[in-house]
Amino acid sequence: MKAPWLYISLRICGAIACSILLLGCKQGASEAAGIPPQKMADALHAVVEADRIVYTRNVVNRLTIDEKVIKASEHWQDDQALPLPAQMFRMGAEMVTEKNVGFTYSLLSLWPVNKQNKAKTKLEQEGLKFVADHPEKNFYGEEKLGNTMYYTAVYPDKAVAPACIECHNNHKDTPRKDFKLGDVMGGVVIRIPVR
Amino acid sequence: MTRRVRSALWALWLAGTAGLTVYLGLTMTKGEGAQVFLPGTTSHGHYQIETKCHVCHTPMLGVKQEACLKCHAAELEAANDAHPTKKFTDPRNADRIAALDARLCVTCHREHVPDLTRPIGVTMPVDYCFSCHANIGDERPSHVGLAFQTCGTAGCHNFHDNRALYEDFLVQHAAEPDLAESPVTPLRDFARRDLQEHLDRQRHLTVAAHNGPRHRRYDPQLLAEWADTAHARAGINCLDCHSDTATGQTWVEHPTHAMCATCHRVETDDFLGGHHGMRLAQELSPMTPAQARIPMKPDVAHRQLTCTACHSAHAFDTRNAAVEACMTIHDDAHTRAYVHALQYRQGQQEVAGTATAGTGVSCATCHLPREVHRKGGTQWISVQHNQNDNLRPNDKMIRSVCRHCHGLRFSIDALADPALVGNNFRGQASHHIASIDWALQRVKTEQPKAREEK
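Cut-off values and rules
Residues numbered from 1 in each chain as written. Chains lettered and ligands numbered in written order. Predicted model: local features only at pLDDT ≥ 70, side-chain atom pairs only at ≥ 80, totals over all residues. Heavy atoms only, no water. Helix = DSSP H or I, 4+ residues; strand = E, 2+ residues; numbered from the N terminus. Contact = heavy atoms within 4.5 Å. Areas by Shrake-Rupley, 256 points an atom, 1.4 Å probe, with all protein chains shown as cover. pLDDT = per-residue confidence, 0-100. Buried area = accessible area lost by both parts, 1.4 Å probe. Salt bridge = Lys/Arg side-chain N within 4 Å of Asp/Glu carboxyl O. Expected span 1.5 Å × (residues − 1). Bend = angle between axes of the 7 residues up to and from the residue. Buried < 20%, exposed > 50% of the residue type's maximum accessible area, 1.4 Å probe, protein only. Pairing = 2+ DSSP bridges. Axes fitted to C-alpha atoms, helices over the stretch in contact; angles between N-to-C directions. Parallel < 35°, antiparallel > 145°, perpendicular 65-115°, else oblique. Nonpolar A, V, L, I, M, F, W, Y, C, P; charged D, E, K, R; others polar. Patch = residues over 30% accessible without salt bridge, like charges linked within 9 Å, V, L, I, M, F, W, Y side chains within 5 Å. Phe/Tyr/Trp six-rings, centres within 6.5 Å; stacked < 30°, edge-to-face > 60°. Left-handed = near helix turned anticlockwise from the far one by under 90°.

1. Some words on the overall build of chain A
So, step 1. A count of helices and strands for chain A gives five helices and four strands.
So, step 2. What you see in chain A, going N to C, is helices and strands ordered as α-α-α-β-α-β-β-α-β.
So, step 3. Excluding contacts between residues fewer than 6 apart, the proportion of contacts in chain A whose partners are at least 24 apart in sequence is 55%.
So, step 4. When the accessible surface of chain A is split by element, carbon and sulfur atoms take 60% of a total near 11,600 Å².

In structure tokens form, the structure reads like this:
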């Protein structure tokens, strides 16, 4: 070949162009096929919140307060009682975490009975304060925990039944004793690793 | 150096290397020989199986977390583990994991480091609680100023099992008397359950009804012992234990624990999970007293620990298994003191029939406790055959043993006194553990409304 440099240059340019094109296609396909973190978190929260409300209202509140046929207890095994709604929530969250399916969730509060459930990270504190001040809104942000960046969503968790406020207002470990029905008592925090 | 000498040295080195490689390779695969690879003395909990490297280690000598869980997951779950792995896998605990990675058993329980190993195989410095609970005084004024090493050593907290130590439990049982009004342990009910499950089986067999092959000769003493057992009463005949339908063997001279497990599955599994049976569980030769690290009687040093070591074959006398079988072998201060203790006399009275069933206290009463199970609306009682299940920390005994007869306050104090444990509880605890008092005080100050309602 008389001009190998021209041939080589054309091959290199062609390769670069194809790479850029393929990369663009891949990113485009990924964005088109993927679910945005906020949408994913909102969907997960819808399921979690529904289960939580159903258990609190239709199981715990009905059986312990309306019909008074069984107690709900923090020590539900020893006391042969129903697990508290917060425990029910945590047991499910821990089971999901064990499955390592790409997200985690927890129930936290600015006024936790169990001090392990108080806000720890800066974003948790900010988010819980926001949903407490804005009961009809959610809070979204990103935070780095360990070496991973997370998309973190905080949703208001409200007192949906008399059982909620009766327990929290009278517990010996509660830092707040004036909850009313409908008050934001804490927040559901959902985390999705993004980077 | 001539070329010939150099070649000879090379050949010698190659031959030596090849020989050593073969030797070490064979040693690694030949059970007990693998000890040459041990990097340090193995802990009390695992030394019996230390030659089975692959049970715990990956081929590249990492530690398999699942190996720990294979043996210990069930007991941790039963203990309602206060620090399960799942609590630490939430990303919000990333900072805690950086300080103390509680997701992995080996963070606190390293092996082959005898200089660092403390009781229960803990190798962490004693201030590990402070990694996460340094500010406990903010929540519990009673804890302000407590020494950092006292969380787990003062009779108050365990890392995993706090079933008898949590605050509400302390409050609930604070007023119990030292000795219960009717101290009695649950009565075994295996025979009752067996009867219900095998209604068609012929029962109350006599020597004449034995079904061993007729061409064999039998020791009349053995036959008489069998005919006097719960086995004969329940219709368990010679071939039920001495033949193996799985392998087609028509006569098995010495049935193993696998045969016992045919009917006693739970008991056998428990036995294999403790120090008595853990070698058998790994298909090693049975444990012998000679291999023990605690004092044993030298005249029985080579007795093999199988089911029949305690439940002598054919006689299967559970009363013998509950006391004499232990005392024939163990030779520590606690065991020797037993025959001088009130518990021993109570046990003898029950055996003699002069005391109510369940009121005697044998070795097995505390170390192989009778456990009450409930499921599907029914209740049954089994004997826990893993004597290590409630042994350490010893306050694990409170729920499974002590509370049948004693109050919680008395039990906590007694178990926290090493001298009292050593002399088999002759006397009173020398020191009172304040945990119940603190729990009561907190309820009194923090929950006036709830108390008024009661």
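2. Notes on the confidence of the model for chain B
So, step 1. Per-chain confidence: chain B averages 93 in pLDDT, with 97% of residues scoring 70 or above.
So, step 2. In this model residues 448-454 of chain B is a low-confidence stretch, pLDDT under 50, and it forms four contacts with partners more than four residues away in sequence or in other chains.

3. Concerning the interface of chain B and chain A
So, step 1. If you look at the interface, chain B gives 25 residues, while chain A gives 26 residues.
So, step 2. Where chain B abuts chain A, roughly 2,100 Å² becomes buried across the two surfaces, and 42% of that area is made up of carbon and sulfur atoms.
So, step 3. Of all residues in chain B, Lys86(B), Pro91(B) and Arg92(B) give up the largest surface area on contact with chain A, accounting jointly for 34% of the area buried on that side.
So, step 4. At the boundary of chain B and chain A, one finds six salt bridges.
So, step 5. Ionic pairing is found between Asp95(B) and Lys120(A), a salt bridge with its closest N-O pair at 2.8 Å.

4. Comments concerning helix α3 (residues 65-78) of chain B
All names here are of chain B.
So, step 1. With 14 residues, α3 extends 19 Å from end C-alpha to end C-alpha; this agrees with the ideal 20 Å at 1.5 Å per step.
So, step 2. At His72, α3 shows its largest kink, close to 60 degrees.
So, step 3. Taken from the residues just after α3, Asn80 is the one with a positive phi, measuring 55 degrees.

5. A closer look at the pairing of strand β4 (residues 184-193) of chain A
Residue and element names in this part refer to chain A.
So, step 1. With nine of its 10 residues buried, β4 lies for the most part within the structure.
So, step 2. Both strand β1 (residues 104-108) and β4 contribute to a ladder of five bridges, which runs antiparallel. Paired with Leu107 across the two strands is Val188, which belongs to β4.
So, step 3. The sheet contact formed by strand β3 (residues 148-158) and β4 spans nine bridges and is antiparallel. When the bridges of β4 are listed, Tyr150 appears paired with Pro193.

6. Structural notes on the packing of helix α2 (residues 37-66) of chain A against helix α5 (residues 162-170) of chain A
Residue and element names in this part refer to chain A.
So, step 1. Packing of α2 against α5 brings their axes to within 9 Å, and their N-to-C directions diverge by 65 degrees. Viewed along their axes, α2 and α5 adopt a mutual orientation that is roughly perpendicular. Contact with α2, carried on its side by Thr56, Val60, Asn61 and Ile65, involves Pro162, Ala163, Cys164 and Glu166 of α5 and no other residues of that element.
So, step 2. Partitioned by chemical class, the residues of the contact of α2 with α5 number five nonpolar, two polar and one charged.

7. With respect to a nonpolar patch on the surface
Residues and elements named next belong to chain B.
So, step 1. A surface patch of nonpolar side chains, about 450 Å² in accessible area, is lined by Leu20, Tyr23, Leu24, Val36 and Phe37.
So, step 2. With respect to the helices, strands and loops of the structure, Leu24 is situated in helix α1 (residues 3-29).
So, step 3. Under the relative-accessibility criterion, Leu24 is labelled partly exposed at 30%.

8. Details of the packing of aromatic side chains
Residue and element names in this part refer to chain B.
So, step 1. The final tally for this structure, using the stated rule, is 12 aromatic pairs over all chains.
So, step 2. With centroids separated by 5.8 Å and ring planes inclined at 90 degrees, the aromatic side chains of Trp10 and Trp13 adopt a geometry described as edge-to-face. Highlighted residues: Trp10 and Trp13, both in helix α1, separated by three residues, approximately one helical turn.
So, step 3. Residue classification places Trp13 among the exposed positions, given a relative accessible area of 51%.
So, step 4. Taking the centre distance of 6.3 Å and the plane angle of 65 degrees together, the rings of Tyr218 and Trp251 count as edge-to-face. On the criterion of sequence distance, the pair formed by Tyr218 in the loop between α9 (190-197) and α10 (220-227) and Trp251 in the loop between α12 (238-242) and α13 (257-260) is long-range, its members being 33 residues apart.
So, step 5. Given a relative accessible area of 19%, Trp251 falls into the buried group.

9. Side note on the pattern of salt bridges
So, step 1. Per the stated rule, a full pass over the model turns up 31 salt bridges over all chains.
So, step 2. One salt bridge in this structure joins Arg193(B) and Asp189(B), with 3.0 Å as the shortest N-O distance. For the pair Arg193(B) and Asp189(B), a shared accessibility class is recorded, and that class is buried.
So, step 3. Connected through shared salt-bridge partners, Lys172(A), Asp173(A), Arg140(B), Glu167(B), Asp168(B) and Arg442(B) make up one network.

10. Quick word on the sheet that holds β4(A)
Residue and element names in this part refer to chain A.
So, step 1. Spatially, the four strands line up as an open sheet ordered β1-β4-β3-β2, and their pairing is antiparallel. The sheet is open, and its two borders are formed by β1 and β2 (139-145), each paired with just one other strand. When strand polarity is set aside, the average angle formed by the axes of neighbouring strands in this sheet is 25 degrees.
So, step 2. The strands touched by α2 are β1, β2, β3 and β4; relative to β3, the strand with the most contacts, the crossing angle is about 40 degrees.

11. Examining the environment of Pro289(B)
Residues and elements named next belong to chain B.
So, step 1. Inspection of the secondary structure puts Pro289 in the loop between α15 (278-281) and α16 (307-310).
So, step 2. Assessed through its relative accessible area of 7%, Pro289 is described here as buried.
So, step 3. A sequence separation of 16 residues divides Pro289 from Leu305, and the C-alpha atoms of the two residues are 8.1 Å apart.
So, step 4. Setting aside residues up to four positions removed in sequence, Pro289 forms contacts with Met296, Val300, Ala301, Arg303 and Ile329.

12. With respect to the packing of α2(A) against helix α3 (residues 85-99) of chain A
Residues and elements named next belong to chain A.
So, step 1. Interaxial distance between α2 and α3 falls to 10 Å at its minimum, and their mutual angle equals 145 degrees. Our pair here, α2 against α3, has a crossing hand that is right-handed. Within the contact between the two elements, α2 uses Val48, Arg52, Tyr55, Thr56 and Val60 and α3 uses Pro85, Ala86, Met88 and Phe89.
So, step 2. Classifying every residue of the contact of α2 with α3 gives seven nonpolar, one polar and one charged.

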